[in-house]
Amino acid sequence: MVYHPYSNSLHVVDYGAYLVLKNKYETLSPQESADFSALNAADVKEIEDESAELERQGLLGLDETFPYRKSNVVKALCLHVCHDCNLKCKYCFAKEGTYNTARDYMTKDVAKAAVDFLIAHSGSRKNLEIDFFGGEPLMNMDVVKYTVEYGRAKAKEANKEFSFTMTTNALLLNDENIEYLNREMDNVVISIDGRESVHNRVRQTRNGKDAYPAILAAAKKFRAVRGDKRYYIRGTFTAYNLDFATDVLALADEGFDQISVEPVVLPPDNPMAITEEKVGVVLKEYDKLAEAYIDRRANGKWFNFFHFMIDLEDGPCIMKRLSGCSAGCGYLAVSPIGDVYPCHQFVGEEAYRIGNVLDGTFDESVRKVFADITVNNKKQCENCFAKYYCSGGCVAASHYYESDLFTPYAAGCAMMRKRLECSLGIYAVEKKMREKH
């Protein structure tokens, strides 16, 4: 395969064409150089002519870049409706949902001010989003319901449209909450870490009890009523389950067809951390998962794995692929007491507090820093074929593990490249299957 990141073009070629193109744009290995020398001159000329035409069409060639700065229009807020949780996950970056703060609960006054803040800073953008987060947001359902009701009313007045999402551990996902979330939430993310043994090892209740059976039952009940509305199961894998492909498949076997299992990000001295020497195992596991993924989707056990979902025809535009998640600019987080931060992972860090929705303060100097955090301004990304899909990776991970907002998290980069490589392979295989049928 030959992939052109800028245009998002994937070319499936024979070995001869691969050698000609690699010789043109990159460096051949000694064996490849020998194989290239043995190619027929007429074949080489034909391939070069075809590649020149693809270059003229913008579907092949050296990388292109252009100046880009993130917009200061706010399009989404992550509302921390409570800094409290009914689980005690061992790897939780939020310190049991508290973010090293008091166990605060957002009031209706703060929620109201957050909605007003979003509308006031959204410019001419019509479609806005509020994500309910925590801690565990189901522990503050009165404020969630108030926010939705108030948000829809204010949106109508301002000629805007709101979508609402929630991330929950499902422990409080009873019949009433299931009905409400299914009706009001445009997307629902449910946290489950895969197999029961894996989940219970790292995710227990505050009093140390296993909760997997109750969580799984609630999640399956929600899935049953969700139909074709958006949802996904979101797990975390650690050094304790480097065979995470088994967890992905276990979740699929439970009837979930939208799945994301993410690598934990922890300091290297933590026993659960994905340290440098473990990354190689992780990359092989993605290959293993990709093989099983293709087989299952082709043989009646279809499901989506978030990191393998790629749309080369109608995927995100180049501006979106340059800016990534828009943390600190288009996307902001609001704490239970109304403080504003670049994203949920920066909450509680005073140096990155942008303002407060209650008193109207708003420090644009912090946002200006984040506006320049694009893939164009990250030196390590210059020659990476995955850069327009990860946009330089998670800014919070860069901050916490590389001590610099503009330096990508190295382990994350290796995993991102492997996931994109697998995604392109899956895309090519499945497109060929569709053409056959």
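Remember, predicted model here, so these are calculated numbers, not experimental data.

A. Focus on the nonpolar core. Residues Phe132, Met185 and Ile192 are the most contacted members of the largest nonpolar core, which totals 109 residues. Of the residues forming this core, the biggest block, eight residues, is contributed by helix α4 (residues 108-120). Leave out the neighbours within four places in its chain, and Phe132 touches Leu79, Val81, Pro137, Val144, Thr147, Val148, Phe164, Thr165, Met166, Thr167 and Met185. One finds Tyr3, Leu10, Ile310 and Leu424 within the second-largest nonpolar core, a separate group that totals eleven residues.

B. Quick peek at a negative patch on the surface. A cluster of acidic residues, Asp14, Asp43, Glu46 and Glu50, forms a negative patch on the protein surface. Mapped onto the elements of the fold, Glu50 is located in helix α3 (residues 41-56).

C. View of the packing of aromatic side chains. With the rule as written, the count across this model stands at 18 aromatic pairs. Geometrically, the ring pair formed by Tyr15 and Tyr18 is stacked, given 6.0 Å between the ring centres and 20° between the ring planes. Here Tyr15 pairs with Tyr18, and both are found in helix α1 (residues 15-25), just three residues apart, close to one helical turn. Following the ring pairs from residue to residue traces out a cluster consisting of Phe346, Tyr352, Phe370, Tyr400, Tyr401 and Tyr409. In this structure, Lys145 packs its charged tip against the face of Tyr180, placed 5.4 Å from the ring centre. Over the ring of Tyr240 we find Arg201, and its NZ or CZ is 3.6 Å from the ring centre.

D. Seen up close, the environment of Val225. Among the structural elements, Val225 can be located in helix α8 (residues 212-226). Sequence separation of Val225 and Asn182 is 43 residues, and the distance between their C-alpha atoms is 7.5 Å. Apart from residues no more than four positions distant in its own chain, Val225 is found in contact with Ile178 and Asn182.

E. Structural context of the environment of Tyr99. Take Tyr99: it is sitting in the loop between β4 (87-89) and α4. As a C-alpha pair, Tyr99 and His11 span 88 residues in sequence and 46 Å in three-dimensional space. Residues contacting Tyr99, with those up to four places away along its chain left out, are His80, His83, Phe93, Ala94, Phe133, Gly134, Gly135, His344, Val347 and Gly348.

F. Main features of the pairing of strand β10 (residues 258-263). Of all six residues in β10, five are buried; the element is thus mostly enclosed. Sheet topology note: the strand β9 (residues 230-237)/β10 ladder contains five bridges and is parallel. The residue bridging Phe237 from the neighbouring strand is Pro263, located in β10. Note: β10 against strand β11 (residues 304-305), two bridges, orientation parallel.

G. Examining the layout of surface pockets more closely. Taken as a whole, the second largest pocket spans an internal volume of roughly 720 Å³. Taken together, 21 residues line the second largest pocket, and the ones lying closest to its centre are Val2, Tyr3, Pro5, Glu26 and Phe385. Looking at which element gives the most residues to the lining of the second largest pocket, the answer is α1, with four residues. For the lining of the second largest pocket, a count of residues per class yields twelve nonpolar, three polar and six charged.

H. Examining the environment of Ala298 more closely. Of note, Ala298 is situated in helix α10 (residues 276-298). Ala298 sits 70 residues away from Lys368 along the chain, and the two C-alpha atoms are 47 Å apart.

I. Main features of the packing of α4 against helix α5 (residues 141-157). Between α4 and α5, the shortest axis-to-axis distance is 9 Å and the interhelical angle comes to 35°. For the element pair α4 and α5, the recorded crossing hand is right-handed. On α5, the residues that touch Lys108, Ala111, Lys112, Val115, Asp116 and Ile119 of α4 are Asp142, Val143, Tyr146, Thr147, Tyr150, Gly151, Lys154 and Ala155. Tallied by class, residues from the contact of α4 with α5 come to seven nonpolar, two polar and five charged.

J. Looking closely at the pattern of salt bridges. Taken as a whole and judged by the stated rule, the model has 25 salt bridges. Across the pair Asp243 and Arg195 runs a salt bridge, and its minimum N-O distance is 2.9 Å. Pair noted here: Asp243 is in the loop between β9 and α9 (244-253) and Arg195 is in the loop between β7 (187-191) and α7 (196-202), with a separation of 48 residues, a long-range link. Judged by relative accessible area, which is 22%, Arg195 ranks as partly exposed. Among the ionic pairs, Asp253 bridges to Arg296, the shortest N-O distance being 2.8 Å. Highlighted residues: Asp253 in helix α9 and Arg296 in helix α10, separated in sequence by 43 residues. Connected through shared salt-bridge partners, Arg152, Glu179, Arg183 and Glu184 make up one network.

K. Quick look at α5. Here α5 contains 17 residues, and its C-alpha end-to-end distance of 25 Å stays within 8% of the 24 Å for a straight helix at 1.5 Å per residue. Of all the positions in α5, only Met141, Val143, Val144, Thr147, Val148, Tyr150, Gly151 and Ala155 are classed as buried. Looking at the buried positions of α5, the neighbouring elements they touch are β3 (76-80), α4, β5 (127-133), β6 (161-168) and α6 (175-184). Directly beyond the C-terminal end of α5, a positive phi value near 60° is found at Asn159.

Cut-offs applied
- Residues numbered from 1 in each chain as written.
- Predicted model: local features only at pLDDT ≥ 70, side-chain atom pairs only at ≥ 80, totals over all residues.
- Heavy atoms only, no water.
- Core = buried A, V, L, I, M, F, W, Y, C linked by side-chain atoms within 4.5 Å.
- Buried < 20%, exposed > 50% of the residue type's maximum accessible area, 1.4 Å probe, protein only.
- Helix = DSSP H or I, 4+ residues; strand = E, 2+ residues; numbered from the N terminus.
- Contact = heavy atoms within 4.5 Å.
- Patch = residues over 30% accessible without salt bridge, like charges linked within 9 Å, V, L, I, M, F, W, Y side chains within 5 Å.
- Areas by Shrake-Rupley, 256 points an atom, 1.4 Å probe, with all protein chains shown as cover.
- Salt bridge = Lys/Arg side-chain N within 4 Å of Asp/Glu carboxyl O.
- Lys, Arg positive; Asp, Glu negative; His and termini not counted.
- Charge placed at Lys NZ, Arg CZ, Asp CG, Glu CD.
- Phe/Tyr/Trp six-rings, centres within 6.5 Å; stacked < 30°, edge-to-face > 60°.
- Lys NZ or Arg CZ within 6 Å of the ring centre and 35° of its normal.
- Pairing = 2+ DSSP bridges.
- 1 Å grid on protein atoms, 1.4 Å probe; cavity = no way out; pocket = protein on both sides within 12 Å on 5 of 7 lines; lining within 4 Å.
- Points joined across faces, edges and corners; volume = space filled by probe spheres on them.
- Nonpolar A, V, L, I, M, F, W, Y, C, P; charged D, E, K, R; others polar.
- Axes fitted to C-alpha atoms, helices over the stretch in contact; angles between N-to-C directions.
- Left-handed = near helix turned anticlockwise from the far one by under 90°.
- Expected span 1.5 Å × (residues − 1).

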